Amino acid sequence: MQFDAIVPTVADRVAQEVARRYLEPIVEPVFHVDSYGYRPGKSAIDAVRTARQRCWRYDWVLDLDVRSYFDSIDWELMLKAVRHHTDCPWVLLYIERWLKASVQMEDGSVVPRTAGTPQGGVISPLLANLFLHYAFDTWMARTYPHIPFERYADDAICHCRSAEEAQALWKALADRFAVCKLALHPEKTKIVYCKDVNRRGDYQNQSFDFLGFTFRARKTVWHGHLYAHGFRPAPSAKALKAISRTMRRWTLHHRSDKSLQDLATIYNPYIQGWINYYGQFYRKQLRPTLMRIDTYLIRWARWKFKRLRGRPKGARDWLVRVRRANPTLFSHWRFFNVGSRTSEAV
């Protein structure tokens with residue numbers, strides 16, 4: 001059974017933060033260099049960047065998906081991992097209590113749990129990392145030291161020299177995870193051929209998603225004029241769809257009580273956040289989605305200004321003038337260095 005995230009009380013959050021600050025300095029130095037999730041000084045972008053470089057050097061990827069990871073962590077194995085690093089009585093006591101806390105459902109009923117970490121807890125990311133450190137990271141370093149990987153929480157990819165090597169690793173990892181009372185998702189785990197202009201042959205899977213980016217062959221500019229297909233990441237369709245949903249929920253065109261400067265102040269933190277993350281690689285993929293903001297701004301102008309009602313072209317021309325006068329007002333205008341064109345859809 002999968003549970004919704006467990007929302008801890010304020011007192012629990014404070015106590016978990018104290019435990020996290022005690023435990024993190026102890027376990028952080030032993031974590032694997034290619035473990036990127038929820039660690040100081042490391043980020044998802046670091047993992048994507050490293051994966052991109054290794055996909056250029058290795059032809060094959062084993063894309064791992066651990067089934068219901070956060071709900072499947074075995075408590076005794078988890079506590080064994082914690083005890084390996086500390087014998088502090090209060091830390092062990094509280095972590096055991098948090099792990100085994102029951103879930104209160106929306107109807108008020110209390111459902112006992114038999115495995116998993118308390119999602120939503122301050123200490124949960126650290127515990128989840130510690131579990132996979134032993135279940136995956138150290139096992140890989142010991143058993144397959146020649147196969148590099150990147151792991152962000154339970155999302156991991158391994159780089160292989162051949163399809164046969166990837167297949168053998170898949171089988172070995174399935175056995176390893178079974179020992180740790182975890183399971184690989186049989187449909188979502190897959191072997192991928194990182195095909196580009198220099199790689200011959202064919203394979204059914206030639207792309208994979210990792211941390212919001214889709215890796216596949218894409219046009220690449222060489223020396224400013226030559227084009228080739230390189231295996232590169234770009235914002236995934238799923239990520240772009242999520243951005244579009246968020247923008248629709250803004251119902252920006254109904255905010256006629258706000259000025260244009262107000263709208264920029266309200267929404268630029270969202271826009272800049274998307275740019276900071278998804279604009280790191282193949283930024284042209286992000287442009288059509290973010291330029292939809294201009295469509296909503298045009299609709300907003302037609303609602304706010306009587307002279308523009310019923311005049312779609314007039315509203316588009318108005319936005320062109322505004323952008324020329326204030327090219328840094330919205331974050332995506334600065335990012336794309338937009339010229340005089342706006343979105344045609346209204």
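Conventions used here
Residues numbered from 1 in each chain as written. Predicted model: local features only at pLDDT ≥ 70, side-chain atom pairs only at ≥ 80, totals over all residues. Heavy atoms only, no water. Patch = residues over 30% accessible without salt bridge, like charges linked within 9 Å, V, L, I, M, F, W, Y side chains within 5 Å. Areas by Shrake-Rupley, 256 points an atom, 1.4 Å probe, with all protein chains shown as cover. Salt bridge = Lys/Arg side-chain N within 4 Å of Asp/Glu carboxyl O. Helix = DSSP H or I, 4+ residues; strand = E, 2+ residues; numbered from the N terminus. Buried < 20%, exposed > 50% of the residue type's maximum accessible area, 1.4 Å probe, protein only. Core = buried A, V, L, I, M, F, W, Y, C linked by side-chain atoms within 4.5 Å. Contact = heavy atoms within 4.5 Å.

## Regarding a nonpolar patch on the surface
A cluster of nonpolar side chains, namely Val 10, Val 14, Val 18, Trp 90, Leu 93 and Tyr 94, defines an oily patch on the protein surface of about 540 Å² accessible area. Listing elements by their share of the nonpolar patch, those giving two or more residues are α1 (10-27) and α5 (89-99). Structurally, the position occupied by Val 10 is in helix α1. Of the residues examined, Val 10 reaches a relative accessible area of 66% and is grouped as exposed.

## Considerations on the nonpolar core
Grouped together as the largest cluster of nonpolar side chains are 103 residues, with contacts concentrated most on Ile 95, Phe 136, Met 140 and Leu 169. Ranked by residue count, the leading element in this core is helix α6 (residues 124-143), at 10 residues. Leaving out residues up to four positions away in the same chain, Ile 95 has contacts with Leu 23, Leu 79, Val 82, Ile 123 and Leu 127.

## Digging into the pattern of salt bridges
Evaluation of the coordinates by the stated rule reveals 16 salt bridges. Here Arg 323 makes a salt bridge to Asp 294, at a shortest N to O gap of 2.4 Å. Note that Arg 323 is positioned in helix α12 (residues 312-325) and Asp 294 in helix α11 (residues 292-304), a separation of 29 residues in sequence. For the pair formed by Arg 323 and Asp 294, the shared burial category is buried.

## Description of the side chain of Glu 24
Along the chain, Glu 24 falls in helix α1. By relative accessible area, Glu 24 is classed as buried at 19%. Not counting residues within four places of it along the chain, the set of residues in contact with Glu 24 comprises Pro 29, Pro 40 and Leu 126.

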